Amino acid sequence: MAQMAEQKGAKYLDAPVSGGVGAAKDAKLTFMVGGDQDLFPPTKEFLMMMGKNVVHCGAVGTGQAAKIANNMLLAICMIGTSEAMNMGIRLGLDPKLLAGIFNTSSGRCWASDTYNPCPGVFENVPSSRDYEGGFGTALMAKDLRLAQSAAKATSTTTPLGLAAHDIYQDMVKEGLGKKDFSVIFKKLQEASK
């Protein structure tokens, strides 16, 4: 795209976004921008209308690289949070109590403290709406596929990223593609019966 834009006398930046539907509604998105440093200041001014973090990552393509690395980490954290919540509940712990412990301890992460996958821990997150809305499992599977392609192209070992990729691909095949990616909790809960 950047080459095509240049051939037409235009400039191109990639600027993928992170933060989810809630951050979009509240103009608190993070933009990861790749492209010419000289184009960044006016671009940042525009993007700040929709977000709270606008980061120049480097050359064209580095914004996308940051996005897929971030989403690979997010998927890994969501799976880990779901496994830990499921195990704790099965051991007799109250979900809200357990999440509170995670969120004030070394297990704290966004998947737990903002977007907890266990229904009823937080209101206004997809897990409390039967995993409707939010970031779809099919989209997460797509980003994990891109991350695995990048890992292969750079000879980067990502065993947890590969495992997350396989888990989310399987969930799409099982018909969960339109559900929020936190539905992994429900899948793990059902598999534990």
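As a reminder, the structure under discussion sits directly above these lines.
Residues numbered from 1 in each chain as written. Predicted model: local features only at pLDDT ≥ 70, side-chain atom pairs only at ≥ 80, totals over all residues. Heavy atoms only, no water.

Participant: Help me understand the side chain of Asn71, please; the structure alone is not making it clear to me.
Facilitator: When you line up the elements, Asn71 lands in helix α4 (residues 62–90). A distance of 3.4 Å separates polar atoms of two side chains, one belonging to Asn71 and the other to Asn70. In terms of polar contacts, Asn71 uses its side chain to reach the side chain of Asp143, at 2.5 Å. Excluding anything up to four places from it in sequence, Asn71 contacts Phe135, Met140, Asp143 and Leu144. (Helix = DSSP H or I, 4+ residues; strand = E, 2+ residues; numbered from the N terminus. Polar contact = N/O pair within 3.5 Å; in protein donor to acceptor, adjacent residues only side chain to side chain. Contact = heavy atoms within 4.5 Å.)

Participant: Is there a simple way to explain the packing of α4 against helix α9 (residues 184–191) in this structure?
Facilitator: Two numbers describe a pair of packed helices, the interaxial angle and the distance between the axes. Relative to each other, α4 and α9 sit at 40°, their axes nearing to 9 Å. Between α4 and α9, the interaxial angle falls into the category oblique. The way α4 lies across α9 gives a crossing that is right-handed. On α9, the residues touching Met78, Ile79, Ser82, Glu83, Met85, Asn86 and Ile89 of α4 are Ile184, Phe185, Leu188 and Gln189. In terms of residue class, the contact of α4 with α9 is made up of 7 nonpolar, 3 polar and 1 charged. (Axes fitted to C-alpha atoms, helices over the stretch in contact; angles between N-to-C directions. Parallel < 35°, antiparallel > 145°, perpendicular 65-115°, else oblique. Left-handed = near helix turned anticlockwise from the far one by under 90°. Nonpolar A, V, L, I, M, F, W, Y, C, P; charged D, E, K, R; others polar.)

Participant: Is there a simple way to explain a nonpolar patch on the surface in this structure?
Facilitator: A contiguous nonpolar surface patch, about 330 Å² in accessible area, is contributed by Phe46, Met49 and Met50. Residue position: Met50 is located in the loop between α3 (40–47) and β3 (51–58). (Patch = residues over 30% accessible without salt bridge, like charges linked within 9 Å, V, L, I, M, F, W, Y side chains within 5 Å. Areas by Shrake-Rupley, 256 points an atom, 1.4 Å probe, with all protein chains shown as cover. Salt bridge = Lys/Arg side-chain N within 4 Å of Asp/Glu carboxyl O.)

Participant: Could you clarify how one ought to interpret α4 in this entry?
Facilitator: Since there are 3.6 residues in each turn of an α-helix, residues three or four apart along the chain are aligned in direction. Here α4 spans 42 Å end to end across 29 residues, near enough to the 42 Å set by a 1.5 Å rise per residue. Where α4 ends, the next residue or the one after it, Gly92, has phi of about 100°, a positive value. (Expected span 1.5 Å × (residues − 1).)

Participant: Even after reading the chapter, I still don't get the environment of Leu188, so can you show me in this structure?
Facilitator: For Leu188, the location among the structural elements is in helix α9. On a C-alpha basis, the gap between Leu188 and Asn86 in space is 7.3 Å, while along the polypeptide they are 102 residues apart.

Participant: What's the story with the pairing of β3 in this structure? I'm lost.
Facilitator: As a general feature of sheets, a regular strand has side chains that alternate between the two faces. The pairing of strand β2 (residues 29–34) with β3 spans 6 bridges and is classified as parallel. Opposite Phe31, over in β3, you have Val54 as the bridge partner. Viewed along the sheet, the connection from β2 through α3 into β3 turns out right-handed. (Pairing = 2+ DSSP bridges. Right-handed = clockwise from strand over helix to strand, strands pointing away.)

Participant: Whenever I open this one, the sheet that holds β3 confuses me. Can you help?
Facilitator: Strand pairing within a sheet occurs via backbone hydrogen bonds; the two strands may be parallel or antiparallel. The sheet built from 3 strands is open, its strands ordered β1-β2-β3 with mixed pairing. Looking at strand neighbours, the two that pair on one side only are β1 (17–18) and β3, the edges of this open sheet. Inspection of the sheet shows β1 paired to β2 by 2 bridges, in the antiparallel sense. Across the sheet, Val17 pairs through a bridge with Phe31, a residue of β2. Packed on one face of the sheet, α3 meets β2 and β3 and runs near 155° to β3.

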